[in-house]
Amino acid sequence: MLSFQACTGIENIDEAITLLEQNNWDLVAAINGVIPQENGILQSEYGGETIPGPAFNPASHPASAPTSSSSSAFRPVMPSRQIVERQPRMLDFRVEYRDRNVDVVLEDSCTVGEIKQILENELQIPVSKMLLKGWKTGDVEDSTVLKSLHLPKNNSLYVLTPDLPPPSSSSHSGALQESLNQNFMLIITHREVQREYNLNFSGSSTIQEVKRNVYDLTSIPVRHQLWEGWPTSATDDSMCLAESGLSYPCHRLTVGRRSSPAQTREQSEEQSTDVHMVSDSDGDDFEDATEFGVDDGEVFGMASSALRKSPMMPENAENEGDALLQFTAEFSSRYGDCHPVFFIGSLEAAFQEAFYVKARDRKLLAIYLHHDESVLTNVFCSQMLCAESIVSYLSQNFITWAWDLTKDSNRARFLTMCNRHFGSVVAQTIRTQKTDQFPLFLIIMGKRSSNEVLNVIQGNTTVDELMMRLMAAMEIFTAQQQEDIKDEDEREARENVKREQDEAYRLSLEADRAKREAHEREMAEQFRLEQIRKEQEEEREAIRLSLEQALPPEPKEENAEPVSKLRIRTPSGEFLERRFLASSKLQIVFDFVASKGFPWDEYKLLSTFPRRDVTQLDPNKSLLEVKLFPQETLFLEAKE
């Protein structure tokens, strides 16, 4: 821009921008269009008088380096003496009326009334009932010349018709609403590469949205897209697809790149090095840089890092996470919020996140290396790295980590990290990269014992090429990932078998231990019961012996006192016989039976005739009193 103004002497920036736009930002063509050079003569303002001057030779005097000495390639036109025959400046107006948009292009020498006359034909609204609003200077008269309003190239206006009733609703509006909710399949063929894209859009999407999406896929800017297949009713890019007349549900379109005047001129001429311009591969990127927020100085390589608000990354940052936080914030402020999600943390942490997880969860690592001094940086970031298709693909399949190499200290720090993680060969490759080859995109795949650099993508690429190289790396990674998943599954299966065997062995040991403990408890219980039984037997034996010793002596048959002879049958069929004094108490009989092992609390003593339970009688009564005299046969029976 500064070179063009210096060469032509045009001080008005708007006028200079208009002339450059008319020549597709071709500096030499714009200068030749302003200053006729055929005969090496500059026109004078004095009635056809000519002033001789040296012919312009762009090969020997590049446009980017004009000088003020008398030996210059041409003499700049001074406003005080010479004027340039000015081409008319064209103004673009987008006029909105209800649900319609009308584009109007006029010279700045036209009046406001002429805009209304065009709108009258387009909208079928009388000029008298039309109010044209949206002027930055307030309401203007129909006779006002557009040039006097000092308008920018692109303007937005709207029409009000307070005297006209609103349009009545009809069945057409219902059908339109239904179409807005439908989805259209657009089969778009890219003419140059013979590739088809199947894209789904809702009926409410506009034609402009379709063209912008196609730009992301083909790298053809909207203004350079040449379409075939749109219906004749699709006259406005702001029109939604439901209104455009597309075939439902599928419609075929073809898109190609429109040849610019500069490209047409290059095709007709032999390739020459006389004029130093941007190469064909990068021309469109620079030509459309203004569409992505790149100013004129950056387009012609005149921007410097000194003009930037703040660096992408602080110098000598101690914490990598803090440095990347600033990088992300600065990247968003320069290029917008639609950008890859940069990993916040150290490079080692990014490795952990990408590689050292389960095989199914692993991802590729993309390392973006930024350099503010490179002329490719702004175009790469705005057009490639921030394209929705690239952002979406990176988010799904990559961990993206970034670093800024603009400062020497940050560059040295990254090279140290690179040498440690990837080896000296990769570090040397990055070290030898020239500034204009940045930015770089490294695609890293983690392996069992090392990290492999699959691809190094330089900044001079396109969206398609970038996407294809990302997809190629993804194919290699997917193949490796499938092998890793298989190995991991086999290893997990072996470990599961081992765990099951260990668990079965543990359960077997526990069962054996439980049996052993149960047996030990049973033996202990038997021993305890045996001890109790022995104690009880010993106790009973002691009682028996004591009772036996306490019994009075058995009387003889021939005794002065009456004697009762008792015969007692035991449960086993044996008989116990003994003589007792008739005056002896019944308790002595009980003690005798107990001394023979039949305690009276466990056994009952029964008589036969009459049958009675002797143990229920008073033990203090005598045998005579209970009628067990002179002899009696009794039998023992265990109590229930």
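The structure under discussion appears in the preceding block.
Residues numbered from 1 in each chain as written. Predicted model: local features only at pLDDT ≥ 70, side-chain atom pairs only at ≥ 80, totals over all residues. Heavy atoms only, no water.

**Concerning the overall build of the chain**
So, point 1. A count of helical and extended segments in the chain gives 17 helices and 19 strands.
So, point 2. Considering the chain as a whole, with its 640 residues, one finds that 40% of them fall into the buried category.
So, point 3. When contacts within the chain are restricted to residue pairs at least 6 apart in sequence, those whose partners lie at least 24 apart make up 64%.
So, point 4. As displayed, the chain offers around 36,600 Å² of accessible surface, 50% of which is attributable to carbon and sulfur atoms. (Helix = DSSP H or I, 4+ residues; strand = E, 2+ residues; numbered from the N terminus. Buried < 20%, exposed > 50% of the residue type's maximum accessible area, 1.4 Å probe, protein only. Contact = heavy atoms within 4.5 Å. Areas by Shrake-Rupley, 256 points an atom, 1.4 Å probe, with all protein chains shown as cover.)

**So, the sheet that holds strand 14 (residues 451–457)**
So, point 1. Pairing in this open sheet of four strands is mixed, and the strands run 12-11-13-14 from one edge to the other. Looking at which strands have only one partner, the edges of the open sheet turn out to be strand 12 (398–404) and strand 14. Pairwise comparison of adjacent strand axes, ignoring direction, gives a mean angle of 25° for this sheet.
So, point 2. Inspection of the sheet shows strand 11 (residues 364–370) paired to strand 13 (residues 440–446) by five bridges, in the antiparallel sense. Counterpart to tyrosine 368 in the pairing with strand 13 is phenylalanine 441.
So, point 3. Sheet strands in contact with helix 14 (residues 408–422) are strand 11, strand 12, strand 13 and strand 14, and its direction is about 140° off that of strand 12. (Pairing = 2+ DSSP bridges. Axes fitted to C-alpha atoms, helices over the stretch in contact; angles between N-to-C directions.)

**A few points about the packing of helix 16 (residues 463–550) against helix 17 (residues 586–595)**
So, point 1. Taken N-terminus to C-terminus, the directions of helix 16 and helix 17 make an angle of 135°; their axes are 8 Å apart at the nearest point. Considered as vectors, helix 16 and helix 17 are oriented oblique to each other. The way helix 16 lies across helix 17 gives a crossing that is left-handed. Facing Arg544, Leu547 and Glu548 of helix 16, the residues of helix 17 in contact are Asp591, Ala594 and Ser595.
So, point 2. Within the contact of helix 16 with helix 17, the residues separate by chemical class into two nonpolar, one polar and three charged. (Parallel < 35°, antiparallel > 145°, perpendicular 65-115°, else oblique. Left-handed = near helix turned anticlockwise from the far one by under 90°. Nonpolar A, V, L, I, M, F, W, Y, C, P; charged D, E, K, R; others polar.)

**A few points about the pairing of strand 16 (residues 575–581)**
Moving residue by residue along a regular strand, the side chains alternate between the two faces of the sheet.
So, point 1. Residue alternation in strand 16 divides its side chains into a buried set, Leu576, Arg578 and Phe580, and an unburied set, Phe575, Glu577, Arg579 and Leu581.
So, point 2. In the sheet, strand 15 (residues 563–569) pairs with strand 16 via seven bridges, with the strands oriented antiparallel. Residue pairing across strands places isoleucine 568 opposite leucine 576, the latter belonging to strand 16.
So, point 3. The antiparallel hairpin formed by strand 15 and strand 16 contains five residues in its connecting segment, where glycine 573 sits at a positive phi of about 100°.

**Looking at helix 12 (residues 377–385)**
So, point 1. The element helix 12 is extensively covered by neighbouring structure, given that nine of its nine residues are classed as buried.
So, point 2. Three or more residues of helix 12 are buried, namely Thr377, Asn378, Val379, Phe380, Cys381, Ser382, Gln383, Met384 and Leu385.

**Here's the deal with a nonpolar patch on the surface**
So, point 1. Residues Leu131, Tyr158 and Leu160 make up a contiguous nonpolar surface patch of roughly 250 Å² in combined accessible area.
So, point 2. Relative to the elements of secondary structure, tyrosine 158 occurs in strand 6 (residues 154–160). (Patch = residues over 30% accessible without salt bridge, like charges linked within 9 Å, V, L, I, M, F, W, Y side chains within 5 Å. Salt bridge = Lys/Arg side-chain N within 4 Å of Asp/Glu carboxyl O.)

From the geometry alone we can't say anything about function, so treat these as descriptive.
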